Amino acid sequence: MADKRSVVVRAFALLLAAALLPGAAALAAEPEETPSVAAIYTTGEMRGSIYSKDPLTGQSETSSYLKVSAAMAGEREEMDGTLLLDSGNAVYTGLTGENGQAVAQVLRTVGYDALVPGVEEFRLGSGYRSQLFRTLEDTQGDGTPVDVLSANLRDGAGEENLIAPYQVYALPLGDTQVRVGVLGLSGMEIAQQLPQRLYGDVSFVHPANKAKTYTWEWEYWQEELEEDCDLTVVVCQADRDTLTQFAAETTGIDLLVGGGTAAEADSLQNKEGEWISYVCGGGSALTRTLVTVDEEGIPVLGESTLLHLEDYEEDEALAQLVAPSYAAAEQAAGQRVATLSGDWDGSQAAARQTDTGDLVGEALLWATGADAVLLSPASFGEVTPAALFEKKSSTAALTLGDCAKLLPDPSPVVTVELTGAQLRQWLDTCAQWYTVTDAGQPAGGAEADFLYGMNYELYLGSEPGKRVNFFTADGLPVQDEQVFTVAVSAARLRDPEFPACTVTWSAAADKDYASQGGSAAALLAAYARNATSENQTLTHIQSSTWSVYAGAYNASLTRLEFVEMLYELAGRPQPGANMAFIDVERSNAVVWAAETGVVSGDGRGNFLPLTVVTREQAAVMIYNYVRSLGVEAPQTSKVDELLDAPAISVWARPAVEFCLAEEILPATGVREDLYLPDTPITRMDATFYLAALADYLEEM
């Protein structure tokens, strides 16, 4: 049922209607008489939301046609007459490949009057789309017929309309009926958004409409509609900006219904400077526009409001009706597309590289052929590849539903061209979305992007413009003028700070992915199926590395940061415990270091994570790590050649001997006979030391 907000709006609307009616004072004196009020309702962008839960992810649907049905039941009891329209994208094939028939039956059962088809209806393909339209308009089936309207859908030659351009509805209002003309305009961009195999021999514009504008299409039908109607509604599958321009170029429209944007109820100015009502359901609301009469008895539009679907209960009878199709979709979601094997880390940290990010990055590189992929951890679900393994099992099934749970973001994947300078600038911008904990660890960053396919390190403490270092592609430094093809979510392109670029490819318009929406989940499913077709299991692959550090590139390094860098070098093995020291929580790196003997703490259970690392301490940690691998570390007498040998701690001497002998942590560079054991090392120092250590281990 509606919340208090809806009740208040209803009461206000009735008072407004009463004030507009002839004899309003008499009505006020006789409260038993109810003012005549009707309403026009719209939804849009519902994208197959006909169930209580998403059959792929199992998550509850906060906005669905089940709630539209419940809302309309209450509205119909209060209004003299109602008109219910859907602005398109009512269906959604998605990963389960549904054919739209269940949605058609729901629209008929709820009592929709008309649907204006959008891109999702065309994503069904010509066969399923034709079947959808026939089911909606069938005069013999269950429920009530639903008109399918579009004035700009024409045959391939553009000579005739494929479906009805408009319909005139008789809307009961008191003792009269208001003639409401509804004209549909499908998205003219569909031909650019989908491959032709999905829309077939269809033109999305009248052949005489050389400018290809919605304004031309409206003016073609305007005179005919105005002769037949009291009120005119135009339902157009376009966004707010497009419709603002459309309104400014036209006259004669009373209500403009949009699609493709968030829920909104507002007004737009037309060519004559008059304000006309504008609404958009946005997949989350049922819009309501009141219809009353003025003092002369002429029908007029009243206030437009949003009835938020999350505020309503579900229609239980309708839920039972769609239960069989939900079961079929759920079964499709359980289809295995690949088998996972090997070791997978279950980490979901946004501030460091994870196995989920690596898997998605590899899938998108394969599917798009791009040089690199920009990914936001915010687009990942709560499920990780590691979570799919049952206890003590060496393999796990990856299903379509799992792909959707790993990547619930429905936004299509696109590729763009970006220069090395633009990539560096964007990664530097993303640094502002990370934070640093009291323990000195990077955190946050869920809304930031990381770049997969290239190597880099992000230093949060460096000044803006200098936070990206060691930025390489194919082993070579990335040059500012180099141009790279980068895969990214189409939604990211709406960020005003994202570098200016042109889309070169869209998965939503590619023949291999378009029917499933072109989402990252669809591309992951294709990547998984390819592995299966080649009789391979999916194992963890990491073809590039990236890291986020709390400090600056040239700042002193803390014990925690150095251990984390050493842990990365070791391949991030899973430790056996959850905690090793009382002053550090949730750090696999520190637990691993304690278990392998790389560190031992202060003897009182503390790790001292924020204490800076000196040169001799770094040597000890490196030496202990090498010994943990079973390597017999050679000893020399090079320490005795140093002028400051007495300053080296006794417990650090063997480690310094080893690092000097293998040139892993050499003398300072200031003087070859000085070691300066108490001098803190910088992040830059540590990078070179660990690179030398990696070379030493590789040559063993």
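Here is what the cut-offs are and how they apply
Residues numbered from 1 in each chain as written. Predicted model: local features only at pLDDT ≥ 70, side-chain atom pairs only at ≥ 80, totals over all residues. Heavy atoms only, no water. Helix = DSSP H or I, 4+ residues; strand = E, 2+ residues; numbered from the N terminus. Buried < 20%, exposed > 50% of the residue type's maximum accessible area, 1.4 Å probe, protein only. Contact = heavy atoms within 4.5 Å. Lys, Arg positive; Asp, Glu negative; His and termini not counted. Charge placed at Lys NZ, Arg CZ, Asp CG, Glu CD. Core = buried A, V, L, I, M, F, W, Y, C linked by side-chain atoms within 4.5 Å. Pairing = 2+ DSSP bridges. Axes fitted to C-alpha atoms, helices over the stretch in contact; angles between N-to-C directions. pLDDT = per-residue confidence, 0-100. Expected span 1.5 Å × (residues − 1). Patch = residues over 30% accessible without salt bridge, like charges linked within 9 Å, V, L, I, M, F, W, Y side chains within 5 Å. Areas by Shrake-Rupley, 256 points an atom, 1.4 Å probe, with all protein chains shown as cover. Salt bridge = Lys/Arg side-chain N within 4 Å of Asp/Glu carboxyl O. Phe/Tyr/Trp six-rings, centres within 6.5 Å; stacked < 30°, edge-to-face > 60°. Parallel < 35°, antiparallel > 145°, perpendicular 65-115°, else oblique. Left-handed = near helix turned anticlockwise from the far one by under 90°. Nonpolar A, V, L, I, M, F, W, Y, C, P; charged D, E, K, R; others polar.

Caption draft 1: Just the overall build of the protein, in detail. What the protein contains, in helices and strands, is 21 helices and 27 strands. Counting only C-alpha atoms, the protein reaches 110 × 60 × 50 Å along its principal axes. Out of the 700 residues belonging to the protein, those deemed buried represent 52%. The contacts in the protein between residues at least 6 apart in sequence include a share of 71% that link residues at least 24 apart. Measuring between centres, the 41 positive side-chain charges of the protein sit 6 Å from its 100 negative side-chain charges.

Caption draft 2: Quick look at the nonpolar core. Membership of the largest hydrophobic core comes to 71 residues, with the highest contact counts inside it found for Leu374 and Leu398. Here the element with the most residues in this core is helix H16 (residues 520-533); it accounts for 10 residues. Leave out the neighbours within four places in its chain, and Leu398 touches Gln335, Arg336, Val337, Ala338, Leu340, Leu388, Cys403, Leu406, Ala528 and Leu538.

Caption draft 3: Spatial organisation of the pairing of strand S6 (residues 166-173). Across eight bridges, S6 lies against strand S7 (residues 176-185) in antiparallel orientation. Residue pairing across strands places Gln167 opposite Val182, the latter belonging to S7. Counting the residues in the hairpin turn of S6 and S7 gives two residues, including Gly174, whose phi is positive at 65°.

Caption draft 4: Looking closely at the sheet that holds strand S18 (residues 413-419). With mixed pairing, the five strands of this open sheet are ordered in space as S21-S16-S25-S18-S26. Each end of this open sheet is capped by a strand with a single partner; those strands are strand S21 (450-452) and strand S26 (503-506). Shown here is a sheet whose adjacent strand axes are inclined to one another by a mean of 30°, direction ignored. The sheet strands contacting helix H15 (residues 420-430) are strand S16 (372-375), S18, S21 and strand S25 (483-489), and the helix crosses S18 at an angle near 110°.

Caption draft 5: A look at the sheet that holds strand S11 (residues 264-269). Taken in spatial order, the six strands of this open sheet run S6-S7-S9-S10-S12-S11, and their pairing is mixed. With partners counted over all chains shown, the strands left at the sheet margins are S6 and S11, one partner each. Each strand of the sheet is rotated relative to its neighbour by a mean of 25°, with strand direction disregarded. With three bridges joining them, strand S10 (residues 255-257) and strand S12 (residues 275-280) adopt parallel strand pairing. Of the residues in S12, the one forming a bridge with Val257 is Val279. Along the sheet face, helix H9 (residues 214-228) touches S6, S7 and strand S9 (231-236) and points at about 160° away from the line of S7.

Caption draft 6: Highlighting the confidence of the model for the protein. The share of residues in the protein with pLDDT of 70 or more is 94%, and the mean pLDDT across the chain is 90. Segment residues 1-29: pLDDT under 50, and 39 contacts once partners within four positions in sequence are set aside and those in other chains are kept.

Caption draft 7: Summary view of helix H3 (residues 65-78). An ideal rise of 1.5 Å per residue puts 20 Å on 14 residues; H3 measures up with 20 Å between its terminal C-alpha atoms. In this fold, the buried residues of H3 make contact with strand S1 (38-43), strand S2 (82-86), helix H4 (101-110), strand S13 (285-293), strand S14 (299-308) and helix H11 (316-321).

Caption draft 8: Region of interest: a negative patch on the surface. Taken together, the side chains of Glu223, Glu224, Glu226, Glu227 and Asp228 make up a negatively charged region of the molecular surface. Along the chain, the position of Asp228 falls in helix H9.

Caption draft 9: A look at the pattern of salt bridges. In the structure shown here, the tally under the stated rule is 19 salt bridges. Close ionic contact of Arg572 with Glu568 constitutes a salt bridge, the shortest N to O distance being 3.9 Å. Relative accessible area serves as the criterion here: at 11%, Arg572 is assigned to the buried category. Relative accessible area serves as the criterion here: at 33%, Glu568 is assigned to the partly exposed category.

Caption draft 10: The packing of aromatic side chains, seen in detail. Inspection of every chain in the model, using the stated rule, returns 23 aromatic pairs. Taking 4.9 Å as the distance between ring centres and 10° as the angle between the ring planes, the aromatic pair formed by Phe450 and Trp546 counts as stacked. Linking Phe450 in strand S21 with Trp546 in strand S27 (residues 546-549), this pair joins segments that are 96 residues apart in sequence. For the pair Phe450 and Trp546, one class covers both residues: buried. An aromatic cluster is present here, built from Phe380, Phe450, Tyr456, Phe471 and Trp546 joined pairwise through their rings.

Caption draft 11: Molecular detail of the packing of helix H17 (residues 559-569) against helix H19 (residues 615-628). Contact pair H17 / H19: the axes reach a minimum separation of 11 Å and the direction vectors enclose 30°. The angle between H17 and H19 places the two elements in the roughly parallel class. When you trace H17 past H19, the crossing you get is right-handed. Within the contact between the two elements, H17 uses Arg559, Phe562, Val563, Leu566 and Leu569 and H19 uses Ala618, Met621, Ile622 and Tyr625. Class assignment for the residues of the contact of H17 with H19 results in eight nonpolar, no polar and one charged.

Caption draft 12: Looking closely at the side chain of Gln516. Note on placement: Gln516 falls in the loop between S26 and H16. Excluding its chain neighbours within four sequence positions, the residues that come into contact with Gln516 are Tyr92, Thr93, Gly94, Leu95, Ala522 and Arg529.

Caption draft 13: Representation of the environment of Ser284. Relative to the helices and strands, Ser284 resides in the loop between S12 and S13. Sequence spacing of Ser284 and Ser63 is 221 residues, and the spatial spacing of their C-alpha atoms is 5.4 Å. Setting aside anything within four residues of it in sequence, one finds Ser284 in contact with Ser63, Ala263, His308 and Leu309.

Caption draft 14: Spatial organisation of unusual backbone geometry. In this structure, Phe470 takes a positive phi of about 50° despite not being glycine. When you line up the elements, Phe470 lands in strand S23 (residues 468-473). Residue Leu676 is not a glycine yet carries a positive backbone phi of 50°.

Caption draft 15: Just the pairing of strand S15 (residues 336-341), in detail. Extensive coverage of S15 is indicated by the burial of five of its six residues. Where S15 and strand S17 (residues 395-399) come together, five bridges link them in antiparallel fashion. Residue Thr339 lies in a different strand from S17, and its bridge partner there is Ala397.

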